[in-house]
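Secondary and tertiary structure notes
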Amino acid sequence: MGRCANLVEDCFFPLFMQRRDFLKTVGLATASTRVLAQQQMQMQPQSFLAPTGSEDVAKTDFTLEIAPVTVELAANRIISTVGYNGISPGPRLRMKEGVPVTVNVINKTDVPEYVHFHGLLIPSDVDGSEEEGTPVVPPQGSRRYQFTPTPAGTRWYHTHTMSMDDLHRGSFTGQFGFLIVEGASNPGRYDQEHYLALRDWEPYFSNQAMDNDDLDPAGVQPERPAVMDTRQPGLEVQSDIYSINDKALGAGEPIRVRPGDRVLFHFLNASAIENRHLAMPGHQFNVIALDGNPVPTPAAVDVLMLGPGERIDAWVEMNQSGVWILGAPEDPVREGGLGIVVEYANQHRTPQWTAPPKSAWDYTIFGKPPSGPVPTEKLDMLFEKVPRGAGKFNSFTVNGKSYPHEQEFMLKQGTRYRLTFHNRTDDAHPLHLHRHQLEIVEIYGKATSGVIKDTVVVPTYGRASVDFTADQPGPTLFHCHIQQHMDYGFKALLRYA
Ligand SMILES: [Cu+2]
């Protein structure tokens, strides 16, 4: 709590005041520059897949340089980590669907690295996973990834190394960024478009893991064991310092809007640690895509939930004038930095926060009624946690076994599978399958169809079924996207026969 409180008191309000004072002093010049910028924005409405701005022109040749970076979350909170091209988040990579690209990766660190392109249907040798056989980017060396990006949508890229007990490696570092694959269709026009990645920083081990289960879907717990495991759990990773992109709440520029604006947000949970919720008082999120894939039934919700690795595309109609915080509903998380100020034109007041209406995240409201044939080929994965199964840390098993499940998950090419996740643990896990797309067909005890994902959060003691077609030959990694869980066994390698 101490660190959260500091961040709020030392960074948020003073910074906000400083900015106000600055605006007062600079006065007209700043105001007129802003008006001009807004007029330009108005003249060039941005669209989902064809934005303006030179930074975002789709290219075919990219360079990512892995090296130490500093991230100034707030004036007195500067993080030292590893990032891409001197920044974190890394550059937004914009590619055209179906047009081959080259990504040159230069590793200026002393440890081997992998860059994973999350949500793309690309071969194992360029997917960026050691388990799948992607060649390493050697320390102080380089490697060229060449692939044809597909499908269109909001994807991302990030390191895929193991961290184990080193909280300065893997996805605890600043090695992540958005990757946008442009498609042919243009689903709509918006007044503004923003890419917001949720992050936590300076992780540490704790035996008092934060519990945000009250925000998880209550629902059924079909996998809840009759007799609970009462053994002492191991240390888990935790953080008290948060940001959206590279700024803690209040430290960056606000998002400036006008009444009536439709603002499209692309949210990414780039955390290595925790599922996250987001809300904005007086406003609703109109969800149009999950993990970059358009949903069959776009719907408005008060609260979003994103597990590590997940993306949500949602637009907000700015119809409640004021100055608001778009941020995490949990006070310690929001006050620790997970939020951004949304400021209406000519509104000057302290950013407002009010708790959102209670609502449980539910993928199925964006789906459609069950349809289509039920795959006859079935796969089951049963997940269990072994308290302190890896020394002072917990370990995990899949179907009672440790990685790599030599003959457990053999796929026949061209076959559609129904994969059922049985979560016999006391955590909600974001489950990610590489190089394939998963269609949710059952979750929270409800049947659905048409929601296409690459990462699915399966609730505590919950069960979920997803269908996928085995049409991407090559070793395929499945894992929990919480870094520590993956490192200590929550993964499996699927192979093509
Ligand atoms: Cu997990």
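What comes next concerns the included structure. (Residues numbered from 1 in each chain as written. Predicted model: local features only at pLDDT ≥ 70, side-chain atom pairs only at ≥ 80, totals over all residues. Heavy atoms only, no water.)

Some thoughts on the overall build of the chain
- The number of helices and strands found in the chain is four helices and 34 strands.
- Counting over 497 residues, the chain shows a buried share of 58%.
- The long-range share in the chain, meaning contacts at least 24 apart out of those at least 6 apart in sequence, stands at 79%.
- Summing over all exposed atoms, the chain offers an accessible surface of approximately 19,500 Å²; the carbon and sulfur share of this is 52%. (Helix = DSSP H or I, 4+ residues; strand = E, 2+ residues; numbered from the N terminus. Buried < 20%, exposed > 50% of the residue type's maximum accessible area, 1.4 Å probe, protein only. Contact = heavy atoms within 4.5 Å. Areas by Shrake-Rupley, 256 points an atom, 1.4 Å probe, with all protein chains shown as cover.)

As for unusual backbone geometry
- The peptide bond linking Ser-88 to Pro-89 adopts the cis configuration, its omega dihedral lying at 0°.
- Relative to the assigned elements, Pro-89 resides in the loop between β3 (77-84) and β4 (93-96).
- Residue Thr-150 is joined to Pro-151 through a cis peptide bond whose omega torsion reads -5°.
- With respect to the secondary-structure elements, Pro-151 resides in the loop between β7 (142-147) and β8 (153-159).
- One non-glycine residue with positive phi stands out, namely Asp-291, at about 55°.
- Examined against the element boundaries, Asp-291 turns out to sit in the loop between β18 (285-290) and β19 (293-301).
- On the basis of relative accessible area, Asp-291 is assigned to the buried category, the value being 0%.

A word on the coordination of the copper ion
- For the copper ion, the protein coordination sphere consists of His-429 (ND1), Cys-480 (SG) and His-485 (ND1), at 1.9 to 2.1 Å.
- Mapping the donors of the copper ion onto the primary sequence yields the spacing H-x50-C-x4-H. One end of the pair, His-429, is in strand β28 (residues 429-433); the other, His-485, is in helix α4 (residues 483-487), and 56 residues separate them in sequence.
- Judged by its relative accessible area of 0%, His-429 is buried. (Donors = N, O, S within 2.8 Å, 3.2 Å for Na, K, Ca; no water.)

What about the sheet that holds β4?
- In space, the four strands of this open sheet follow the order β4-β9-β8-β6, with mixed pairing throughout. At either margin of the open sheet sits one strand with a lone partner, and together these are β4 and β6 (115-118). Strand-to-strand, the axes of this sheet are offset by a mean angle of 25°, without reference to chain direction.
- Sheet analysis places β6 next to β8, joined by four bridges and oriented antiparallel. Each residue of the ladder has a partner; that of His-118, found in β8, is Trp-156. (Pairing = 2+ DSSP bridges. Axes fitted to C-alpha atoms, helices over the stretch in contact; angles between N-to-C directions.)

Comments concerning the sheet that holds strand β16 (residues 262-269)
- Here we have six strands laid out as an open sheet, ordered β14-β11-β16-β21-β18-β19, and mixed in their pairing. Either end of the sheet is taken by a strand with one partner, and the two such strands are β14 (241-244) and β19. Within this sheet the neighbouring strands show an average axis-to-axis angle of 20°, counted without direction.

Some details on the side chain of Arg-418
- Mapped onto the fold, Arg-418 is located in strand β27 (residues 416-423).
- In terms of polar contacts, Arg-418 uses its side chain to reach the side chain of Asp-467, at 2.7 Å.
- Ignoring sequence-local partners within four residues, the contact set of Arg-418 consists of Val-374, Pro-375, Glu-377, Lys-378, Leu-379, Val-441, Ser-465, Val-466 and Asp-467. (Polar contact = N/O pair within 3.5 Å; in protein donor to acceptor, adjacent residues only side chain to side chain.)

Some thoughts on the side chain of Asp-291
- Within polar-contact distance, the side chain of Asp-291 engages the side chain of Lys-453 at 3.1 Å.
- Once residues within four sequence positions are removed from consideration, Asp-291 is found in contact with Thr-154, Arg-155, Glu-310, Arg-311, Ile-452, Lys-453, Asp-454 and Thr-455.

Here we look at the environment of Ala-447
- Assignment of secondary structure puts Ala-447 in strand β30 (residues 446-453).
- For the pair Ala-447 and Lys-368, spaced 79 residues apart in the sequence, the C-alpha separation amounts to 9.1 Å.
- Among all residues touching Ala-447, those that are not within four sequence positions of it are Pro-370, Val-441 and Glu-442.

Focus on the environment of Arg-463
- Its place among the elements puts Arg-463 in strand β32 (residues 463-469).
- Relative accessible area serves as the criterion here: at 31%, Arg-463 is assigned to the partly exposed category.
- When the C-alpha atoms of Arg-463 and Thr-420 are compared, they prove to be 7.1 Å apart, with 43 residues separating the residues in sequence.
- Residue contacts for Arg-463: discarding those within four places in its chain leaves Pro-222, Glu-223, Thr-420, Phe-421, His-422, Glu-442, Ile-443, Tyr-444 and Val-458.
- Here Glu-223 takes part through its side chain, which lies 2.6 Å from a polar atom of the side chain of Arg-463.

Notes on the pairing of β8
- Extensive coverage of β8 is indicated by the burial of seven of its seven residues.
- As judged from the six bridges shared by β8 and strand β9 (residues 176-182), these two strands associate in the antiparallel manner. Following the sheet pairing, Tyr-157 is matched in β9 by Gly-177.

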